[in-house]
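Next come the chains, spelled out residue by residue.
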Amino acid sequence: MIGPRAKLVLLASLFAAPIAASLVAYRYARPQPSANYGELLLPPSPITSDALGGEGGKPFNFASLSGRWVLVMADAGECPRTCTEKLTTLRQVRLALCREANRVERVFVADDGRAPDPKAILAYEGTLVAIRPADVKLPPGAGSDRGHIYLVDPRGNVMMRWDAAPDWKRMHKDLQRLLKASQIG
């Protein structure tokens, strides 16, 4: 037969066991911080409101893309090999979105002030070109960072980025999640 003190200790240990287990799990078995591949930028910052040059000498402003998700990449106007690889990635990711592709725009910012060769951009039909004039200084980030591809949300905030040479399948998965979550509500 169990004595009253033993019953009290047994009862106390039953209540303390889950607390002790959670402390051990918290200390030694930490979960992964997130499921996304890209880097979430906190706090999100607004994309530039400065007017940039566009195709055919027309002005370009990111505000014209309000309400759409925008993938932004920056590179030289002559578009070297690394630039074409980024453009290919953007095209592949957008095409892989299938029905959701019309919710995503692609913007190539020529950050050296030189317009890209129209023949070179022809293979990336639908990509908008913005040309940063020499007198316009963009803040660090989307439109001035050649080392990353940025995502701008429909409200005009830069909220995520990927390396310049990302795994396009994982990038696609990130975009699928965001597009699905943005439809709810």
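This is a predicted model, so every value here is computed, not measured. (Residues numbered from 1 in each chain as written. Predicted model: local features only at pLDDT ≥ 70, side-chain atom pairs only at ≥ 80, totals over all residues. Heavy atoms only, no water.)

1. Some thoughts on the overall build of the protein chain
- Counting its secondary structure elements, the protein chain contains 4 helices and 8 strands.
- The helix and strand sequence of the protein chain, counted from the amino end, reads α-β-β-β-β-α-β-α-β-β-β-α.
- A compact globule built from 185 residues should have a C-alpha radius of gyration of about 16 Å, whereas the protein chain, at 24 Å, is more than 25% larger.
- Along the three orthogonal principal directions, the C-alpha set of the protein chain runs to about 95 × 35 × 35 Å.
- Relative to its full complement of 185 residues, the protein chain shows a buried share of 36%.
- Residue pairs in contact within the protein chain that sit at least 24 positions apart in sequence constitute 64% of those at least 6 positions apart.
- In the form shown here, the protein chain has an accessible surface area of approximately 11600 Å², with 59% of it arising from carbon and sulfur atoms.
- Computing the positive centroid from 25 side-chain charges and the negative centroid from 18, the protein chain places the two 12 Å apart. (Helix = DSSP H or I, 4+ residues; strand = E, 2+ residues; numbered from the N terminus. Rg over C-alpha atoms; globule rule 2.2 N^0.38 Å. Buried < 20%, exposed > 50% of the residue type's maximum accessible area, 1.4 Å probe, protein only. Contact = heavy atoms within 4.5 Å. Areas by Shrake-Rupley, 256 points an atom, 1.4 Å probe, with all protein chains shown as cover. Lys, Arg positive; Asp, Glu negative; His and termini not counted. Charge placed at Lys NZ, Arg CZ, Asp CG, Glu CD.)

2. A closer look at the side chain of His-172
- Tracing the sequence through the fold places His-172 in helix α4 (residues 168–183).
- In contact with His-172, not counting residues within four places along its chain, are Val-93, Ala-96 and Leu-97.

3. Topic: the sheet that holds strand β5 (residues 104–110)
- With mixed pairing, the 8 strands of this open sheet are ordered in space as β1-β8-β7-β4-β5-β6-β2-β3. Pairing within the sheet leaves two strands with one partner each, and these edge strands are β1 (39–46) and β3 (59–60).
- Alignment of strand β4 (residues 69–75) against β5, held across 7 bridges, turns out to be parallel. Looking across to β5, one finds that Trp-69 is bridged to Val-104.
- The sheet contacts of helix α2 (residues 81–96) involve β4, β5, β6 (127–131) and β7 (148–152), and relative to β4 the element is tilted by about 170°.
- Those strands touched by α4 are β4, β5, β7 and β8 (157–163), and its axis lies near 160° from that of β8. (Pairing = 2+ DSSP bridges. Axes fitted to C-alpha atoms, helices over the stretch in contact; angles between N-to-C directions.)

4. Some words on the pattern of salt bridges
- Tallied over the entire structure, the rule returns 8 salt bridges.
- Between Glu-39 and Arg-161 there is a salt bridge, with the nearest N and O atoms lying 2.9 Å from each other. Remark: Arg-161 occurs in strand β8 and Glu-39 occurs in strand β1; sequence separation between them is 122 residues.
- On the accessibility criterion, Arg-161 (21% relative accessible area) is partly exposed.
- For Glu-100, the salt bridge identified is with Arg-103, shortest N-O distance 2.9 Å. (Salt bridge = Lys/Arg side-chain N within 4 Å of Asp/Glu carboxyl O.)

5. Here's the deal with unusual backbone geometry
- Residue Leu-42 is joined to Pro-43 through a cis peptide bond whose omega torsion reads -10°.
- Within the secondary structure layout, Pro-43 lies in strand β1.
- Its identity is not glycine, yet Cys-79 carries a phi of approximately 55°, on the positive side.
- With respect to the element layout, Cys-79 can be found in the loop between β4 and α2.

Interpretation in functional terms is not warranted from these geometric data alone.
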